[in-house]
Amino acid sequence: MTNPKSEIQNPKSVAILGAGAWGTALANLAAANGHEVRVWSRHGSQTLEAVVKDVHIILSAISMTGVRDVASQVHSFPLSPETIFVTATKGLDPQTTCTPSQIWQTIFPNHAVVVLSGPNLSKEIQMQLPAATVVASNIPTAAELVQLVFSSHRFRVYTNSDPLGVELGGTLKNVIAIAAGVCDGLQLGTNAKAALVTRGLTEIIRVGNNWGAKTGTFYGLSGLGDLLATCNSPLSRNYQVGYQLAGGKTLTEILTNLQGTAEGVNTCRVLIQRAKQQNIAVPITEQVYHLLQGQITPRQALDELMLRDIKPEYNY
Ligand SMILES: NC(=O)C1=CN([C@@H]2O[C@H](COP(=O)(O)OP(=O)(O)OC[C@H]3O[C@@H](n4cnc5c(N)ncnc54)[C@H](O)[C@@H]3O)[C@@H](O)[C@H]2O)C=CC1
Ligand SMILES: O=C(CO)COP(=O)(O)O
């Protein structure tokens, strides 16, 4: 278990769905460990059916917009009951507010589903810089198998038994990363950034607890860890969205030129919908939402946050 190399004696076949930045990085990690890796892209020549045929693991690194459709397509193909699904998407479904793992689990109720999430800026991983992540599942053996497939001296993989918390940590932090980009773009300083990220974590925990996730999970790699990575790195697309909004660009201009997917834009809208339904206070998300809608300026968003009613610090 502690020696990742042991799994090379027992290679698995892994289908990676989505050949974007993250799918490619994950495919390289599994291939470097000696596993048989097949990558499917909607723009590629191989059919989805051929790629998923007889594999041990199907890992989805598709943007949120494609998850339901691709999962439904996979459902129409014959699969071994032992096939494990891994989801690496960090988003929420606009129709149902479901997480990607909830979509995969609903479509494949008899299969193990594992969530993979952590502070994993794909460019750094492609540069072979060291990183750590979490694989979480209600079925411990499935998480342990996925841990072995991806673990190496440059990618340290931890297991976790709170898949919802791990998934929400990676997903909700994208909204805070947009806010952090605004904070840096406006040059508000280190104190402001620390306050924003810390209060952002409180907001994430409040939403996560309401959803049924465990508080402690959000202090781990997929919550606090991913906040630290994305709120401090220009490599984060979500951070870039915020930074450029602070610079006066419109959201349309930013998204037209952005390389890859900034899931926080959609997640923010879905989160506002869910917070209203569940009556959860999400002050930072609200300001990011108004900003993305073009209803306020970054400076107005800042004032709104600073002038809220004073209150005790802990109020999950
Ligand atoms: N790039 C990164 O550093 C990380 C990204 N993620 C998450 O992984 C997911 C993918 O991110 P990236 O690879 O960076 O994005 P990307 O934009 O580079 O790639 C997205 C992939 O999804 C596919 N796709 C999009 N819509 C589709 C549809 N309707 N049907 C089929 N395929 C579709 C695209 O063809 C592409 O292969 C996102 O949810 C992101 O939050 C998670 C961790 C790290
Ligand atoms: O989730 C990520 C790193 O963990 C990637 O962040 P972005 O999607 O903002 O680039």
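In this text the structure is predicted, and so the values were computed from the model without any measurement. (Residues numbered from 1 in each chain as written. Chains lettered and ligands numbered in written order. Predicted model: local features only at pLDDT ≥ 70, side-chain atom pairs only at ≥ 80, totals over all residues. Heavy atoms only, no water.)

**Side note on the site of ligand 1**
Next, step 1: Lining the immediate surroundings of ligand 1 are 22 residues, of which W22, S122, R237, T261 and E263 lie closest.
Next, step 2: Backbone polar atom of S122 to an oxygen atom of ligand 1: 2.8 Å apart, as the coordinates give it.
Next, step 3: Expressed as a share of its isolated accessible area of 820 Å², the protein-covered part of ligand 1 is 86%.
Next, step 4: At the level of elements, helix 1 (21-32) and helix 3 (64-75) are the ones that each hand at least two residues to the shell around ligand 1.
Next, step 5: Ranked by the residues each element gives to the shell around ligand 1, the list is headed by helix 3, at 3 residues.
Next, step 6: Split by residue class, the shell around ligand 1 holds 8 nonpolar, 10 polar and 4 charged. (Near = heavy atom within 4 Å. Polar contact = N/O pair within 3.5 Å; in protein donor to acceptor, adjacent residues only side chain to side chain. Areas by Shrake-Rupley, 256 points an atom, 1.4 Å probe, with all protein chains shown as cover. Helix = DSSP H or I, 4+ residues; strand = E, 2+ residues; numbered from the N terminus. Nonpolar A, V, L, I, M, F, W, Y, C, P; charged D, E, K, R; others polar.)

**Some points on the pairing of strand 3 (residues 57-60)**
The two faces of the sheet receive side chains in turn, since in a regular strand these alternate between them.
Next, step 1: Residue alternation in strand 3 divides its side chains into two sets, I57 and L59 and I58 and S60, and both sets are buried.
Next, step 2: Pairing of strand 1 (residues 13-17) with strand 3, which is carried by 4 bridges, proceeds in the parallel orientation. Within the sheet, the bridge partner assigned to L17 lies in strand 3 and is S60.
Next, step 3: As paired elements, strand 3 and strand 4 (residues 84-87) share 4 bridges and run parallel to each other. Counterpart to L59 in the pairing with strand 4 is V86. (Buried < 20%, exposed > 50% of the residue type's maximum accessible area, 1.4 Å probe, protein only. Pairing = 2+ DSSP bridges.)

**Description of the nonpolar core**
Side chains of nonpolar character tend, in soluble globular proteins, to be buried together.
Next, step 1: Ranked by internal contacts, the top residues of the largest apolar core, which has 46 residues, are L168, V241, V288 and L292.
Next, step 2: Here this core gets 11 residues from one element, more than from any other, and that element is helix 7 (residues 163-185).
Next, step 3: Contact partners of L168, with chain neighbours within four places excluded, come to L92, T99, K173, G208, W211, A213 and F218.
Next, step 4: If you look at the next biggest cluster of nonpolar residues, it comprises 27 residues, including L26, V86, I125 and V157. (Core = buried A, V, L, I, M, F, W, Y, C linked by side-chain atoms within 4.5 Å. Contact = heavy atoms within 4.5 Å.)

**Some thoughts on unusual backbone geometry**
Next, step 1: The backbone of T97 sits at a positive phi, close to 65°, despite the residue not being glycine.
Next, step 2: Mapping T97 onto the fold places it in the loop between strand 4 and helix 4 (100-107).
Next, step 3: Positive phi, normally seen in glycine, also occurs at Q128, with a value near 65°.
Next, step 4: Along the chain, Q128 turns up in the loop between helix 5 (122-126) and strand 6 (131-136).
Next, step 5: Looking at Q128, the relative accessible area reads 49%, which means it is partly exposed.

**Some thoughts on helix 9 (residues 221-230)**
Next, step 1: For helix 9, the buried fraction is high: 7 of the 10 residues fall into the buried class.
Next, step 2: Of all the residues in helix 9, the buried ones are S222, G223, G225, D226, L227, A229 and T230.
Next, step 3: Buried-residue contacts for helix 9 involve strand 5 (113-117), strand 6, helix 7, helix 8 (190-211) and helix 10 (237-246).

**Observations concerning the site of ligand 2**
Next, step 1: Taken together, K90, G118, P119, N120, L121, K173, D226, T230, L235, S236, R237 and N238 form the complete shell of residues around ligand 2.
Next, step 2: Take N120: an N or O atom from its main chain is 2.9 Å from an oxygen atom of ligand 2.
Next, step 3: A distance of 2.6 Å separates an oxygen atom of ligand 2 from a polar side-chain atom of S236.
Next, step 4: Look at ligand 2: alone it shows 310 Å² of surface, and the protein chains cover 92% of it.

**Quick notes on the side chain of D93**
Next, step 1: Looking at where D93 falls in the secondary structure, it is placed in the loop between strand 4 and helix 4.
Next, step 2: By relative accessible area, which is 5% here, D93 ends up buried.
Next, step 3: One polar contact links D93 to R68, side chain to side chain, over a distance of 3.0 Å.

**Let's talk about the UniProt feature "domain: Glycerol-3-phosphate dehydrogenase NAD-dependent N-terminal" (unreviewed entry) in the protein**
Next, step 1: Within the UniProt annotation, "domain: Glycerol-3-phosphate dehydrogenase NAD-dependent N-terminal" (unreviewed entry) is assigned to residues 46-140.
Next, step 2: With 33% helix and 20% strand, residues 46-140 has its two end C-alpha atoms placed 32 Å apart. (UniProt positions renumbered as here; feature names shortened; annotations may be inferred.)

**A word on the UniProt feature "binding site: NAD(+)" (unreviewed entry) in the protein**
Next, step 1: Mapped onto the present numbering, the UniProt feature "binding site: NAD(+)" (unreviewed entry) falls on G18, A19, G20, A21, W22, G23 and R237.
Next, step 2: Along the polypeptide, A19 turns up in the loop between strand 1 and helix 1.
Next, step 3: A relative accessible area of 41% places A19 in the partly exposed class.
Next, step 4: Sequence-distant contacts of A19, defined by excluding residues within four places in its chain, comprise T24, V39, W40 and S41.
Next, step 5: Mapping G23 onto the fold places it in helix 1.
Next, step 6: Once you skip the residues sitting within four places of it in the chain, G23 turns out to touch I16, G18 and A61.

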